[in-house]
Amino acid sequence: MEFEYINEDKLNSLAKSRGVKKLNVQSAVNLLKYDGNFMSEVNELSLNGKKVISVEEPGTYLLLNYLSEMLKTTANTQQSDKDLILRTLIQLLREKTSKFIYRLDIKKFYESIHPEVIYNKVFSDLRLSPNSKKLILLYLNSVEDYGFEGIGRGTTLSGSLAEYFLEDFDKCVFR
């Protein structure tokens, strides 16, 4: 059965791969039947002095994973494989040539992405469905309602949104 906002077969497949029971799939689908705050059981954790979102409700967790997978697939973005980066770096360092290494880090990156800016990017992206856009807006509103800055930190969707946000920058750097 195809749900109005989400493909239940894909959601079931994701649930199975994450070890989540089918009951939680229905819970995730039920979360989509209204336009409210769908992160109902959220805890704030602290990791290295930064506020992190911890989602307790399995249906919400599953939904955030689904949206993250959808965004990575649709926008062809994914977080870099750190093991691959390290192996490549080690191989390059073994070469007998001059080298320069630049490490770039944006302080409070997740917190610095304004929700309206990321949503405008999502909204104008023709690769994303209107329903996916609506769900991302609900997530961003929930993050703000819980008092987190930017796109939040700690969920799979926040990581995917960060990669999505950098998509244009990455294309320019890799030219």
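In what follows, the structure referred to is the one given above.
This one's a predicted model, so the numbers in the text were calculated from it and none came from an experiment.

A. Structural detail: the overall build of the protein. Within the protein, the regular secondary structure consists of nine helices and two strands. Listing each helix as α and each strand as β along the protein from the N terminus yields α-α-β-β-α-α-α-α-α-α-α. By residue count, 41% of the 175 residues in the protein fall in the buried class. Contacts spanning at least 24 positions in sequence make up 70% of the contacts within the protein whose residues lie at least 6 apart. Carbon and sulfur atoms provide 53% of the accessible area of the protein, an area that totals close to 11400 Å².

B. Inspection of the pairing of strand β2 (residues 50–55) at higher detail. Pairing between strand β1 (residues 42–47) and β2: six bridges, direction antiparallel. Bridge pairing links Ser 46 to Lys 51 in β2. Counted along the chain from β1 to the antiparallel partner β2, the turn is two residues long, and its residue Asn 48 has a positive phi close to 55°.

C. Examining the nonpolar core more closely. Among the nonpolar cores identified, the biggest contains 29 residues, and Leu 71, Tyr 139, Leu 140, Ile 151 and Leu 161 are the most heavily contacted of them. Counting only elements with at least two residues in this core, the list comes to β2, α3 (58–75), α5 (109–112), α6 (115–124), α7 (130–145) and α8 (156–165).

Thresholds applied
Residues numbered from 1 in each chain as written. Predicted model: local features only at pLDDT ≥ 70, side-chain atom pairs only at ≥ 80, totals over all residues. Heavy atoms only, no water. Helix = DSSP H or I, 4+ residues; strand = E, 2+ residues; numbered from the N terminus. Buried < 20%, exposed > 50% of the residue type's maximum accessible area, 1.4 Å probe, protein only. Contact = heavy atoms within 4.5 Å. Areas by Shrake-Rupley, 256 points an atom, 1.4 Å probe, with all protein chains shown as cover. Pairing = 2+ DSSP bridges. Core = buried A, V, L, I, M, F, W, Y, C linked by side-chain atoms within 4.5 Å.

These results come straight from atomic positions and should not be treated as a statement about function.
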